[in-house]
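Spelled out, the chains give:
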Amino acid sequence: MSTAQLKTAHASWEQPTGLFINNEWVNGVDGKTFEVVNPADETVITSVAEATEKDVDIAVAAARKAFEGAWRKETPENRGKLLRKLADLMEANIDKLAACESLDNGKAITMAKGDVGMAAATLRYYGGWADKIEGKVVDTTPDTFNYIKKEPIGVCGQIIPWNFPILMWAWKIGPAVAAGNTVVLKTAEQTPLSALIAANLIKEAGFPPGVINIISGFGKVAGAAISAHMDVDKVAFTGSTVVGRTIMKAAAGSNLKKVTLELGGKSPNLVFEDADIDNAISWVNFGIFFNHGQCCCAGSRIYVQESIYDKFVQRFKERAAKNVVGDPFDANTFQGPQVSQVQFDRIMSYIDAGKTAGATVEIGGKRKGEKGYFIEPTIFSNVSEDMKIMQEEIFGPVCSIAKFKNKEDAIRLGNATTYGLAAAVHTSNLNTAIEVSNALRAGTVWVNTYNTLHHQLPFGGFKESGIGRELGEAALDNYLQTKTVSIRLGDALFG
Ligand code: ADP
């Protein structure tokens, strides 16, 4: 098996670099590899095997065999035990996994540790669900016995993004495996490493071969092969809305596999004049700048009631200026580099578009340093609704701030987007909180908080932000199908 020795200030480890299929490490059939870049200094960390269509075929065949064989025979109780064991192993390996995540993705080490902890908690939670998936008996006529059962869908292709590599890995694998499916998961080409460490833990936990297969590769090759595969029963995707559409088309054009999509957002953060301003500023700051703005639910459109607008902008600027941007391995760092040159260039082009359109840069607006993909936390004011920076997802540490007059205005502006992933309301008035939350067309609404996701609570999009839900009991629905069995009682012949 190919491995690389990796070392950071926090941990050193033997990094698997192959494809994890059937609980074995293999090279790609074509022997291709690609480089993985450290976004903090732009150096190459290592190279990993690249899966092509042929490798996807092999991984899908392994997942099919496991689904029809060993995994189908496994009891729900054991499925749960295996997931919980995997959660324990992730926690036992938290230093290595977090260091790997910071190295590969650039996220601050404290945040990376948080991600690993949440990933383990998610797997443990779904481990608890495995033996609690139940059906129903439905009476129709006296001579019929009907039962409705929930069954796994089969082989699930899962395509994850680079912003929360290990957390998305757990969000996808947990419900799929708890429900009795098998998985071929493709990581994002920018961040394949932590998933490969976790793959070793799958084997160590005792999962039968083929239940969970992890491959590295590119979207247009391996991702496209998964979405169009005739023997993949379901595809679950997290990423951009553009790619989400492509995946849905591929599913429609192949075997009509089931599709769930968790896509982009342009989430509103609404601050009313009666809000606790210190708290609101902290959450607004966290809402946009957490994870370097690389969150699908980032609160990137900030609307503040006009009576407190000037004070809010001033204090928000002061708060954002205190965010420590720098070395991901420094315990004080809040914001590391953006994930890649491509993302860096994309974000800088949005910043240029904002400046050209006449918006005011309140703070930031520039690259930070000369090496690595660091961008200053950036706040734009004087932004009109039709500007690109107010309409499009930037996926970086850039937000727009504008005023609203009253509740109706706040709701109208909050909903003025094609997206509907998340929103937030800051107010001390209970009626305002509930009325506005109910009126916002978003899958999650936070009140006096932001980004506080929890594995017990469903998360996903209204409108163009997606189809289906991650997390909570709701995510199990994405991985189960309903079977009705109707039995005629008695021995009278029909007709
Ligand atoms: P971003 O633009 O932020 O990189 P993407 O939506 O392009 O996000 O990528 C998210 C995931 O989707 C990655 O794993 C990527 O490889 C995959 N992907 C990209 N293009 C395709 C495609 N055409 N078909 C399937 N998966 C894809």
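In this text the structure is predicted, and so the values were computed from the model without any measurement. (Residues numbered from 1 in each chain as written. Predicted model: local features only at pLDDT ≥ 70, side-chain atom pairs only at ≥ 80, totals over all residues. Heavy atoms only, no water.)

## Here's the deal with the sheet that holds strand β20 (residues 444-447)
- Strand order across the open sheet formed by seven strands is β16-β17-β18-β15-β14-β19-β20, with mixed pairing between neighbours. Either end of the sheet is taken by a strand with one partner, and the two such strands are β16 (360-363) and β20. Adjacent strand axes in the sheet meet at a mean angle of 25°, parallel and antiparallel pairs treated alike.
- Direction of pairing for strand β14 (residues 268-271) relative to strand β15 (residues 301-305): parallel, over a ladder of four bridges. Among the inter-strand pairings, leucine 270 is bridged to a residue of β15, identified as tyrosine 303.
- The sheet contacts of helix α12 (residues 341-356) involve β16, β17 (378-381) and β18 (398-404), and relative to β17 the element is tilted by about 25°. (Pairing = 2+ DSSP bridges. Helix = DSSP H or I, 4+ residues; strand = E, 2+ residues; numbered from the N terminus. Axes fitted to C-alpha atoms, helices over the stretch in contact; angles between N-to-C directions. Contact = heavy atoms within 4.5 Å.)

## Observations regarding the domain arrangement of the chain
- Partitioning the chain into structural domains gives domain 1 (3-263 + 461-482) and domain 2 (268-447).
- Taking the mean C-alpha position of each, domain 1 and domain 2 sit 30 Å from one another.
- A buried area of about 2,700 Å², summed over both sides, lies between domain 1 and domain 2, and 61% of it is on carbon and sulfur atoms.
- On the domain 1 side of the contact with domain 2, Glu42, Trp162 and Lys463 bury the most area, a combined 23% of that side's loss.
- Counting the contacts that link domain 1 with domain 2 gives one salt bridge.
- As a salt-bridge pair, glutamate 42 and arginine 367 come within 3.4 Å of each other at their nearest N and O atoms.
- Elements with a contribution of two residues or more to the side of domain 1 that touches domain 2: α4 (94-105) and α5 (109-129).
- Broken down by class, the residue content of the side of domain 1 that touches domain 2 amounts to twelve nonpolar, twelve polar and seven charged. (Domains from an automatic or database assignment. Buried area = accessible area lost by both parts, 1.4 Å probe. Salt bridge = Lys/Arg side-chain N within 4 Å of Asp/Glu carboxyl O. Nonpolar A, V, L, I, M, F, W, Y, C, P; charged D, E, K, R; others polar.)

## Notes on the pairing of strand β6 (residues 44-49)
- Of the pairings in the sheet, the one linking strand β5 (residues 33-37) to β6 comprises five bridges and is antiparallel in character. Looking across to β6, one finds that valine 36 is bridged to threonine 46.
- As consecutive antiparallel partners, β5 and β6 are separated by six residues, and within that stretch glutamate 42 has a phi angle of approximately 65°, a positive value.

## Here we look at the site of the ligand
- Ile160, Trp162, Lys186, Glu189 and Ser240 are the nearest of the 20 residues found near the ligand.
- Isoleucine 160 places a polar main-chain atom, nitrogen or oxygen, 2.7 Å from an oxygen atom of the ligand.
- Calculation on the ligand without its partners gives an accessible area of 550 Å², and the protein chains cover 84% of this total.
- At a threshold of 2 Å from the grid points, most atoms of the ligand map onto the largest pocket. (Near = heavy atom within 4 Å. Polar contact = N/O pair within 3.5 Å; in protein donor to acceptor, adjacent residues only side chain to side chain. Areas by Shrake-Rupley, 256 points an atom, 1.4 Å probe, with all protein chains shown as cover. 1 Å grid on protein atoms, 1.4 Å probe; cavity = no way out; pocket = protein on both sides within 12 Å on 5 of 7 lines; lining within 4 Å. Sits in = over half its atoms within 2 Å of the grid points.)

## Details of the side chain of asparagine 93
- One can find asparagine 93 in the loop between α3 (76-92) and α4.
- Within the structure, the side chain of asparagine 93 is placed 2.8 Å from the backbone oxygen of leucine 89, a separation counted as a polar contact.

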